Amino acid sequence: MEKVSLDRAFESFDEQWTPRVAAELNGQAVKLAKVEGEFVWHAHENADELFLVRSGELRVEFREREDVTLAAGELLVVPRGVEHRPVADAEAEILLFEPSGTTNTGDVDSDLTQGAAERLQ
């Protein structure tokens, strides 16, 4: 068992759209990310994805339904297979909950595609 300070964890990196694994449990990863701007349109065919905003604001855009804007302290679960694009007009700090090993860009290859997320030090 290891305690994680979210303040220290978010202070330990500056890269945008590059999640860091803060913890793992029951086959799920808890990832931390700083985001700003637009991510790529993508879907995760075999996994739901939970977005929890710690600071700032995150808009999750959808092609076939109304966009959802999340403020600090709010969360949203995007069901598997639903195409979406996270957008942050200003920097936001978010937590992601998804199965360990999930590729950040889902079914899309882009310059933002990241292999296994780096573990926090």
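Quick look at the structure, then. Predicted, not measured: the structure shown is a model, and the values here were computed from it. (Residues numbered from 1 in each chain as written. Predicted model: local features only at pLDDT ≥ 70, side-chain atom pairs only at ≥ 80, totals over all residues. Heavy atoms only, no water.)

### Considerations on the pairing of strand S5 (residues 68-71)
Reasoning step 1: Pairing of strand S4 (residues 57-62) with S5, which is carried by four bridges, proceeds in the antiparallel orientation. Its bridge partner being in S5, Glu57 is matched across the sheet by Ala71.
Reasoning step 2: Connecting the antiparallel pair S4 and S5 is a turn made up of five residues. (Pairing = 2+ DSSP bridges. Helix = DSSP H or I, 4+ residues; strand = E, 2+ residues; numbered from the N terminus.)

### A look at the nonpolar core
Reasoning step 1: Counting residues in each nonpolar core, the largest one holds 18 residues, and the members touching the most others are Val35, Phe51, Leu58, Val60, Val78 and Ile94.
Reasoning step 2: Elements with a minimum of two residues in this core: strand S2 (28-38), strand S3 (49-55), S4, strand S6 (75-78) and strand S7 (84-99).
Reasoning step 3: The leading source of residues in this core is S7, at four residues.
Reasoning step 4: Sequence-distant contacts of Ile94, defined by excluding residues within four places in its chain, comprise Phe10, Lys31, Leu32, Ala33, Val35, Phe51, Leu52, Val53, Arg54 and Leu58.
Reasoning step 5: Grouped together as the second largest cluster of nonpolar side chains are eight residues, Phe10, Ala22, Val30 and Leu120 included. (Core = buried A, V, L, I, M, F, W, Y, C linked by side-chain atoms within 4.5 Å. Buried < 20%, exposed > 50% of the residue type's maximum accessible area, 1.4 Å probe, protein only. Contact = heavy atoms within 4.5 Å.)

From the geometry alone we can't say anything about function, so treat these as descriptive.
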